[in-house]
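Survey of secondary and tertiary structure
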Protein chains: 2
Amino acid sequence: MTDTDFQAQLTHYKNSIRPLLLEAVPESETSPYLYGPARDFLDQHGKGLRPALCIATCKAFGGDEKAALPTAAALELLHNALLVHDDIEDESLERRGQPTLHVRYGVPIAVNIGDAMNALVLRVLMKNLERLGPSLSWQVVAEFNHLLLQSLEGQAMELGWIRDNACDVSEGDYLGMILKKTCWYSFIHPCRLGALLAGRRDLERFHAFAYLAGAAFQIQDDVLNLNSRSGAYGKESCGDLWEGKRTLILARAFETMPSNERVRFQRVLAQPRSRRLERDVDWMRSVLEQNGSIRYAQQVAAEFAKAAREEFDKAFESAPDGPDKHFLRQFADFMVERMA
Amino acid sequence: MTDTDFQAQLTHYKNSIRPLLLEAVPESETSPYLYGPARDFLDQHGKGLRPALCIATCKAFGGDEKAALPTAAALELLHNALLVHDDIEDESLERRGQPTLHVRYGVPIAVNIGDAMNALVLRVLMKNLERLGPSLSWQVVAEFNHLLLQSLEGQAMELGWIRDNACDVSEGDYLGMILKKTCWYSFIHPCRLGALLAGRRDLERFHAFAYLAGAAFQIQDDVLNLNSRSGAYGKESCGDLWEGKRTLILARAFETMPSNERVRFQRVLAQPRSRRLERDVDWMRSVLEQNGSIRYAQQVAAEFAKAAREEFDKAFESAPDGPDKHFLRQFADFMVERMA
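What you see is a predicted model, and the numbers here were worked out from it, not measured in a lab.

Basis of the calculations
Residues numbered from 1 in each chain as written. Chains lettered and ligands numbered in written order. Predicted model: local features only at pLDDT ≥ 70, side-chain atom pairs only at ≥ 80, totals over all residues. Heavy atoms only, no water. Helix = DSSP H or I, 4+ residues; strand = E, 2+ residues; numbered from the N terminus. Rg over C-alpha atoms; globule rule 2.2 N^0.38 Å. Buried < 20%, exposed > 50% of the residue type's maximum accessible area, 1.4 Å probe, protein only. Contact = heavy atoms within 4.5 Å. Lys, Arg positive; Asp, Glu negative; His and termini not counted. Charge placed at Lys NZ, Arg CZ, Asp CG, Glu CD. Least-squares fit on C-alpha atoms with pLDDT ≥ 70 in both. Buried area = accessible area lost by both parts, 1.4 Å probe. Salt bridge = Lys/Arg side-chain N within 4 Å of Asp/Glu carboxyl O. Polar contact = N/O pair within 3.5 Å; in protein donor to acceptor, adjacent residues only side chain to side chain.

A few words now on the overall build of chain A. Within chain A, the secondary structure is distributed over 15 helices and 2 strands. In terms of overall size, chain A behaves like a compact globule, its C-alpha atoms giving a radius of gyration of 20 Å where 340 residues would be expected to give roughly 20 Å. Projected onto its principal axes, the C-alpha positions of chain A cover 60 × 50 × 35 Å. Taken over 340 residues, chain A has a buried fraction of 64%. Long-range contacts, defined here as pairs at least 24 residues apart, represent 74% of the contacts in chain A between residues at least 6 apart. Looking at chain A, you have 40 positive and 47 negative side-chain charges, and the mean spots of the two groups are 1 Å apart.

So, on to the relation of the copies chain B and chain A. Under the fitted operation, chain B is carried onto chain A by 0.0 Å of movement along the axis and a turn of 180°, and the coordinates agree to an RMSD of 0.0 Å. Expressed as a symmetry operation, the mapping of one chain copy onto the other fits a two-fold axis. Distance from the rotation axis, computed per C-alpha, reaches its smallest value in chain B at P134 of chain B: 2.7 Å. Most of the interface of chain B is mirrored in chain A, where 100% of its interface residues again form contacts.

A few words now on helix 11 (residues 248–256) of chain A. Taken together, the buried positions of helix 11 of chain A are occupied by L248, I249, L250, A251, A253 and F254 of chain A. Close packing links the buried residues of helix 11 of chain A with helix 8 (171–197), helix 9 (207–227), helix 10 (239–243), helix 12 (259–270), helix 13 (278–290) and helix 14 (293–315) of chain A.

All names here are of chain A. You can see L328 is positioned in helix 15 (residues 323–337). You can call L328 buried: its relative accessible area is 0%. Through-space distance from the C-alpha of L328 to that of F61 is 12 Å; in sequence the pair is 267 residues apart. When residues no more than four places from it in sequence are discounted, the contact partners of L328 are L53, A56, T57, A60, F209, F312 and F316.

Looking now at the interface of chain B and chain A. Taken together, the contacts link 44 residues of chain B with 44 residues of chain A. Where chain B abuts chain A, roughly 3,900 Å² becomes buried across the two surfaces, and 64% of that area is made up of carbon and sulfur atoms. On the chain B side of the contact with chain A, Y33, W138 and R163 of chain B bury the most area, a combined 18% of that side's loss. Here chain B is connected to chain A by 0 salt bridges. Remark: the boundary between chain B and chain A carries 16 residue pairs in polar contact (both at pLDDT 80 or more). Per element, the largest residue contribution to the side of chain B that touches chain A is 17 residues, and it comes from helix 7 (residues 128–163) of chain B.

Right, dumping it as structure tokens:
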């Protein structure tokens, strides 16, 4: 499977949930400050990684694609709901090449839109009832509840570090945070859910693969954030430094930089975003480049991806070969080779 | 039943859900910026109207109090989750006599805490499974999904009016907004849910009573907001005017004031909260007092309460007399007689 095939398959999965996703947003009462902006946001086309992982895992284990669609759509909807609130919490200015919702509509309306998108997730999950029955549908809800709370706990860790201006966040702290914030909801549970819907009960078998692939994805995302010039990546260039995010890159730098540089970092990061200066962000960026922290993170992402490939074979050993398993095998590589 | 008896009964219902409420917030991973503040917020003691309505309705129709407890606790938890985000959206400074969460922890962390409290609601509702089974538990979830989306739609209307600086909001617009924002989640669904858990299926019978009682409550709340000096009411005095909220009082004033006064109102309300002046708020307050808009709202609240009492007898006619029905009968009066 070439990279083009992988992208084509990703697009196929994304398109398959699209009707459910748009149908989830009420049409009749499109308040100009609620469902309208929510629909526009969903229309802006994320990558669709989470539904793809869920559907492909379900099919790889012999499950029916149709049985996975509401759950996959709900994963994508929840992801979008989280992004709306994340962007407020991080004071991000751009998302998918557009101004973020709170930049367009103000924080109050954007908080409310995120809440509504979150509430619509359950509405989509109620569609499971007809095909899966009430008991299995409840199991799906329990999976969602776990992934959401884990993500919010990870977010609380990250926001707490920024608020406390923590400059002793270790690489281990960072890896623990992204397990919570990103890996459960974006990788581990999509695999678990896909397998659950294919009738499997041994859901822990995906944890190592999905965690490793998820960590590779997140670390690569941090690297892209600093390495991309605006446009291609869809987010503000160096947004993480503007926002003061504690990434693996920063954790590595804290561990290795001389103390005078560290003191200056701490002073710059102590400023709220609105008072941070462009020259300070540029300075931080150049230090992270020159002391090898960005390169280090790239290497770690590549190692995580390699480990994920090894764990893949164990996680999916009982799934017969086929296009879906093949697609999933490409996942770890895609995590670090993607450019946006 | 005297007012003291009513309060004692309210306290009894509130205490009965307290263990479930606190148990819902994870103890083990009390992130200082997540579960800790959530627990403190829940500890600040709201009035507990929603769980009381739910439990009393269930018992009035012969249902078991125990069967209603998780649902009642979930209503209270969701109410608290909504308050956290409402306070952010309204830029409120005080709640229950304390600084609001976003004042204490900043908007990013407060948004995330509200999200977590919202997610914990489902965790509490999952407790229904054991006693109610998966099908009835799903019906409860469907009720919650409706009440939450209605409330968020009402909130979008209210926030949209503020954003657009709408100065032609009519009394009818206002009543439609509070039906969505407040009445469904605070009054109609608590009755519906209580009856559902007592085995009733004719849930529409509560709509008129609960809407009328809810409107009386909300209008009285608007009046208290302008009439209370700080302290007793637990919220900032005249907070609604600081926040630019479109209340029945304001709608009435818009309809009746001379056009030069209306132009000045519009100019003052066009300012964002941070630039509104105390003397402008005082001026608005005095106009609303002098032109009778506050008194008018008090009369409307009293009329809604009277109509609610009449509808009560129809809604609960098949419930035998007893302490729970008696408590519910007092509800409409309490809505307008309360001082906080």
